[in-house]
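Architecture and fold: a report
Now for the letters of each chain:
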Amino acid sequence: MADLPLLTLGTLGVTVLAGVLAVVGVHSYAAGRAQRKALVARMAQTGPLPAASRRRRFAALDRRLRGTRLGRRIDRKLAVTGLNLTPAEYVVYAVATLLALYLTIAAVFAPFFGALAVVAGLWGADAFLNWQRQRRTEAFINQLPELTRVLANATQAGLALRTAIALAADELDDPAGEELRQVADRLAVGHSLDDALGDLADRLPSRELVVLVTTLVLSNRAGGQVVSSLRNLTGTLDERKETRREVTTLLSQVKVTAFAMPLLGLGFLLMINGMNPGALDKMTGSFVGQAGSVIAFALYTAGFVMIRRLSKVRV
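Residues numbered from 1 in each chain as written. Predicted model: local features only at pLDDT ≥ 70, side-chain atom pairs only at ≥ 80, totals over all residues. Heavy atoms only, no water.

**Focus: the overall build of the chain**
Across its full length, the chain carries 13 helices and 0 strands. Its helices and strands in sequence order give the chain the pattern α-α-α-α-α-α-α-α-α-α-α-α-α, from N to C terminus. Considering the chain as a whole, with its 315 residues, one finds that 29% of them fall into the buried category. Considering only contacts within the chain whose residues lie at least 6 apart along the sequence, 64% involve residues at least 24 apart. (Helix = DSSP H or I, 4+ residues; strand = E, 2+ residues; numbered from the N terminus. Buried < 20%, exposed > 50% of the residue type's maximum accessible area, 1.4 Å probe, protein only. Contact = heavy atoms within 4.5 Å.)

Okay, here's the thing in structure tokens:
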């Protein structure tokens, strides 16, 4: 009983201390929220808030892969495709796709054709990146008339070319907006206009972009009439855009033929296997059958490539 007052005082002291700490914590939390709201309000006045980057997968594999020549090559290709992927994510997804492709083709046709499908898939994985780059380049080319129009209006209003590029990056949609934002960032950290625009032309190679870059660089060096040059270039790019659209429409049937030819070969194999179950396993069970399958596979691939090459018309 003699220790009861001391115990009561200790309990009371702990309770008071906990209450004080709780009040301080609530006050700090409220002050932090107020500061965050004020910061968000200030950032909203200067432009849209940047989107939160997603959590990257396979971080350990990505660090090791970037140290290799293959990883650096994949990273360079991914940088110009606009895909939000790391080299490790791309490699893991590609390997998973190849495994699924092998299991599917081996189950439908024969295990030997599954191995051929994996070989085609390895080529297709690289071709997919090239196709994404070409697709992004085509989308950027379609935005070039609007880009030159924005640059002409900005320079006519008295803005410097560097400021006009930053303005166009905010006004245009992706991919032009994103690419011009990279150019504006390089200019902001001290790179010259020639280097920043030259890097853009290297990322998205095209005749139209080379003409635009050359016009801007020469006008900036010589101090010529940028507005009149951009106005003339805008009309030319509009005409080339319509011409490219007409050529694409005329060659659409040829492109469909390129894809239909190997699909017909696969259809014939399915028909043979359906009429005589196990025929493909017997055919690929001998060296002669495997050699014939490889030759047929090579001929179909050569036909596909030749038709695609013949259907490419440079405008």
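Here the narrative resumes.
**Overview of the side chain of S206**
On the secondary structure map, S206 appears in the loop between α8 (193-203) and α9 (207-222). By relative accessible area, S206 is classed as buried at 12%. Engagement of the side chain of S206 in a polar contact is seen with the backbone nitrogen of L209, the distance being 3.3 Å. Not counting the four nearest positions on each side in its chain, S206 is found in contact with T137 and I141. (Polar contact = N/O pair within 3.5 Å; in protein donor to acceptor, adjacent residues only side chain to side chain.)

**A short note on the packing of helix α3 (residues 69-79) against helix α4 (residues 87-108)**
The contact between α3 and α4 brings their axes to 9 Å, and the two run at 100°. Accordingly, the angle class assigned to the pair α3 and α4 is roughly perpendicular. Contacts between α3 and α4 involve G71, I74, D75 and L78 from the first element and P87, Y90 and V91 from the second. Among the residues making up the contact of α3 with α4, the classes are represented as 5 nonpolar, 1 polar and 1 charged. (Axes fitted to C-alpha atoms, helices over the stretch in contact; angles between N-to-C directions. Parallel < 35°, antiparallel > 145°, perpendicular 65-115°, else oblique. Nonpolar A, V, L, I, M, F, W, Y, C, P; charged D, E, K, R; others polar.)

**Structural notes on unusual backbone geometry**
Of the consecutive residues D174 and P175, the connecting peptide bond is found in the cis state with omega at 10°. With respect to the helices and strands, the residue P175 is situated in the loop between α6 (161-171) and α7 (176-188).

**Side note on the pattern of salt bridges**
Inspection of the entire model under this criterion finds 9 salt bridges. Residue D199 pairs with R203 through a salt bridge whose shortest N-O separation is 2.2 Å. With a gap of 4 residues between them, D199 and R203 both fall in helix α8, about one helical turn apart. Residues participating in the shared-partner salt-bridge network are R136, E178, E179, D199 and R203. (Salt bridge = Lys/Arg side-chain N within 4 Å of Asp/Glu carboxyl O.)

**Digging into a nonpolar patch on the surface**
A cluster of nonpolar side chains, L264, F268, M271, M275 and Y300, forms an exposed patch at the surface whose accessible area comes to about 560 Å². Looking at the nonpolar patch element by element, the count peaks at 4 residues for helix α11 (residues 252-275). With respect to the helices and strands, L264 occurs in helix α11. (Patch = residues over 30% accessible without salt bridge, like charges linked within 9 Å, V, L, I, M, F, W, Y side chains within 5 Å. Areas by Shrake-Rupley, 256 points an atom, 1.4 Å probe, with all protein chains shown as cover.)

**Looking at helix α13 (residues 287-310)**
Given 3.6 residues per turn, any residue in an α-helix points the same way as the ones three and four places further on. Across its 24 residues, α13 extends 34 Å between first and last C-alpha, which sits within 8% of the 34 Å expected from 1.5 Å per residue. Listed as buried for α13 are G289, S293, G303, F304 and I307. Against the buried residues of α13 lie α5 (111-156), α11 and α12 (279-283). (Expected span 1.5 Å × (residues − 1).)

**Focus on the nonpolar core**
Formed by 31 residues in total, the largest nonpolar core has its most connected members in L147 and I165. In terms of residues, this core owes the most to one element, α5, which gives 7 residues. Those residues within four positions of I165 in sequence are excluded, and the remaining contacts are L151, L180, V183, L187, L193 and L197. The next biggest cluster of nonpolar side chains, apart from the first, holds 8 residues, and it includes I105, F113, A117 and L269. (Core = buried A, V, L, I, M, F, W, Y, C linked by side-chain atoms within 4.5 Å.)

**Notes on the packing of aromatic side chains**
A full pass over the atoms with the stated rule returns 5 aromatic pairs. Between F112 and F113 the ring centres are 6.3 Å apart and the planes differ by 75°, which places this aromatic pair in the edge-to-face class. Look at F128 and W131: their rings are 6.1 Å apart centre to centre, the planes differ by 35°, and that puts the pair in the tilted class. Within this pair, F128 and its partner W131 are both found in helix α5, separated by 3 residues, close to a single helical turn. Residue class for F128 comes out partly exposed when judged on its relative accessible area of 35%. You can call W131 partly exposed: its relative accessible area is 46%. By the ring-pair criterion, three or more aromatic residues cluster together here, those being F109, F112 and F113. (Phe/Tyr/Trp six-rings, centres within 6.5 Å; stacked < 30°, edge-to-face > 60°.)

**Points about the environment of D185**
Here D185 shows up in helix α7. Sequence separation between D185 and A196 is 11 residues, and the spatial gap between their C-alpha atoms is 9.0 Å.

Read these as geometric descriptors, not functional statements.
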